[in-house]
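For reference, the chains in residue letters:
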Amino acid sequence: MRLRNVKGSREQIAANEYTIKDAEQIKGQWKDYFQDGKPIQLEIGMGKGKFLMQLAEKNPQIHYIGIEKYSSVLVRALEKMEENPLENLHFIRMDAENNVFEKGEVDQIYLNFSDPWPKDRHAKRRLTSRQFLERYHNILKEEGRVIFKTDNRPLFDFSLEEVKEAGWTLEKSTFALH
């Protein structure tokens, strides 16, 4: 994905009703924040939000939270939300390394076409590294899942190894992208 700076994107994000501004202060209190007991699912590195918007539209009984690091990308998702508002879809602008959830607050995590960080020295930055898997373990419910999809074979192979090294159980994997 090519990134271009969108002038005023941080201000747009801060003013938008679909963004959660003080996520750090909600940590451990997400059920109280939403006040309806619906499950919470995340997409980390959600890009322009198309995947989450489709899920949120099909599943109004679930709260979806899209986490995106780049303001210029997140602002595009917010523009789409203005056209088709969804009450169960929310966004947080932050780096995936930050943690705003306590153990058991998240039901499922989606990692779709994440940055492969191809250099070996950047392996810890990959969203499927054992360091990130540990973070996911610390916020997921006992029966929680991480669903990962990529078209990058080296990242896929790396992820299979990391799942094993992190002590996770791999329920299913396929080389068929679709």
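Notes on the structure in this doc start here. (Residues numbered from 1 in each chain as written. Predicted model: local features only at pLDDT ≥ 70, side-chain atom pairs only at ≥ 80, totals over all residues. Heavy atoms only, no water.)

**Some thoughts on the overall build of the protein**
Helix and strand counts for the protein come out as seven helices and five strands. In the protein, the succession of α and β elements from N to C terminus is α-α-α-β-α-β-α-β-β-α-β-α. Taken against the 2.2 N^0.38 rule, which gives 16 Å for 178 residues, the C-alpha radius of gyration of the protein at 16 Å falls within 12% of a compact globule. Judged by the C-alpha coordinates and their principal axes, the protein covers about 40 × 40 × 30 Å. Long-range contacts, defined here as pairs at least 24 residues apart, represent 71% of the contacts in the protein between residues at least 6 apart. Accessible surface, the protein: about 10,800 Å² in total, of which carbon and sulfur atoms supply 47%. Computed over 29 positive and 29 negative side-chain charges, the separation of the two mean positions in the protein equals 6 Å. (Helix = DSSP H or I, 4+ residues; strand = E, 2+ residues; numbered from the N terminus. Rg over C-alpha atoms; globule rule 2.2 N^0.38 Å. Contact = heavy atoms within 4.5 Å. Areas by Shrake-Rupley, 256 points an atom, 1.4 Å probe, with all protein chains shown as cover. Lys, Arg positive; Asp, Glu negative; His and termini not counted. Charge placed at Lys NZ, Arg CZ, Asp CG, Glu CD.)

**A look at the packing of aromatic side chains**
The tally for this structure, following the rule as stated, stands at seven aromatic pairs. Ring plane angle 75 degrees and centroid distance 5.1 Å describe the contact between Tyr33 and Phe34, whose orientation is recorded as edge-to-face. A residue is classified by how much of its surface remains accessible, and Tyr33, at 40% relative accessible area, is partly exposed. Judged by relative accessible area, which is 12%, Phe34 ranks as buried. Note on Phe132 and Tyr136: the rings are 6.2 Å apart at their centroids and 35 degrees apart in plane angle, and the pair reads as tilted. Note that Phe132 and Tyr136 are positioned in helix H6 (residues 130–137) at a spacing of four residues, about one turn of the helix. The class of Tyr136 is buried, set by a relative accessible area of 3%. These aromatic residues form a ring-pair network of at least three members: Trp30, Tyr33, Phe34 and Phe101. (Phe/Tyr/Trp six-rings, centres within 6.5 Å; stacked < 30°, edge-to-face > 60°. Buried < 20%, exposed > 50% of the residue type's maximum accessible area, 1.4 Å probe, protein only.)

Read these as layout, nothing more, since geometry by itself doesn't imply function.
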